[in-house]
Amino acid sequence: QLQLVESGGGSVQPGGSLRLSCAASGSTLYFTAIGWFRQAPGKEREGVSCITGSGTITNYADSVKGRFTISRDNARSTAYLQMNSLKPEDTAVYYCAAGKGYGSDWCDTGAMDVWGQGTLVTVSS
């Protein structure tokens, strides 16, 4: 019954910033580990960043490390992805997903149980 809805996507110039939001509703008891994933044209869906339910552990793909920041506000049942210094190669549909948050693969695509519908991010001049 958990539902996730992404927002905040849009078009931005290289070097710009966007903040994506992932709002959870329904059975927020299962709003535990949150992952952000993206799928660019012609590419497989890939992990971008993940955060544990407590928010104490975060992971980032090498391609976004130092530029993106994942966070969450459990009181608002919302997770965020702050994206700075955006590059054209960041162009993709971005998805948030929720998982149980345990196991060595807790941040993997296969560990996610509920997915949002995605929001498009376009980085171009």
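First things first, this report covers the structure right here in the doc. (Residues numbered from 1 in each chain as written. Predicted model: local features only at pLDDT ≥ 70, side-chain atom pairs only at ≥ 80, totals over all residues. Heavy atoms only, no water.)

**Some remarks on the sheet that holds strand β3 (residues 18-25)**
Step number 1: One open sheet accounts for 4 strands, arranged β1-β3-β8-β7; its pairing is antiparallel. The two strands at the open ends of the sheet, each matched to only one other strand, are β1 (3-7) and β7 (68-73). On average, each strand axis in the sheet is inclined to that of its neighbour by 15 degrees, with strand direction left out of account.
Step number 2: The pairing of β3 with strand β8 (residues 78-83) spans 6 bridges and is classified as antiparallel. Opposite L18, over in β8, you have M83 as the bridge partner. (Pairing = 2+ DSSP bridges. Helix = DSSP H or I, 4+ residues; strand = E, 2+ residues; numbered from the N terminus. Axes fitted to C-alpha atoms, helices over the stretch in contact; angles between N-to-C directions.)

**Comments concerning the state of the cysteines**
Step number 1: If you walk through the whole model with that rule in mind, you get 2 disulfides.
Step number 2: Two residues share a disulfide in this structure: C22 and C96, whose sulfurs sit 2.1 Å from each other. One quick way to see it: the torsion about the S-S bond of C22 and C96 is about 70 degrees, and its sign makes the bridge right-handed. Placement of the pair is C22 in strand β3 and C96 in strand β9 (residues 92-99), with a sequence separation of 74 residues.
Step number 3: Using a relative accessible area of 0% as the deciding quantity, one classes C96 as buried.
Step number 4: Here C50 pairs with C107 through a disulfide, and the sulfurs are 2.0 Å apart. Every disulfide takes its handedness from the sign of the S-S torsion; for C50 and C107 that torsion is 100 degrees, giving right-handed. Taken as a pair, C50 in strand β5 (residues 46-51) and C107 in the loop between β9 and β10 (112-115) lie far apart in primary sequence, 57 residues in all. The burial state of C50 is the same as that of C107; both residues are buried.
Step number 5: Once the disulfide-bonded cysteines of the chain are ranked by sequence position, their pairing pattern turns out to be 1-3, 2-4. (Disulfide = S-S within 2.5 Å. Buried < 20%, exposed > 50% of the residue type's maximum accessible area, 1.4 Å probe, protein only.)

**With respect to the pairing of β9**
Step number 1: Of all 8 residues in β9, 7 are buried; the element is thus mostly enclosed.
Step number 2: Of the strand pairs in this sheet, strand β4 (residues 33-39) and β9 are connected by 7 bridges, and their pairing is antiparallel. Looking across to β9, one finds that Q39 is bridged to V93.
Step number 3: Alignment of β9 against strand β11 (residues 119-123), held across 3 bridges, turns out to be antiparallel. Each bridged residue has a counterpart across the sheet, and for V93 the counterpart in β11 is L120.
Step number 4: Where β9 lies against β10, 3 bridges are found, and the strand directions are antiparallel.

Interpretation note: all reported values are geometric properties and have no functional meaning in isolation.
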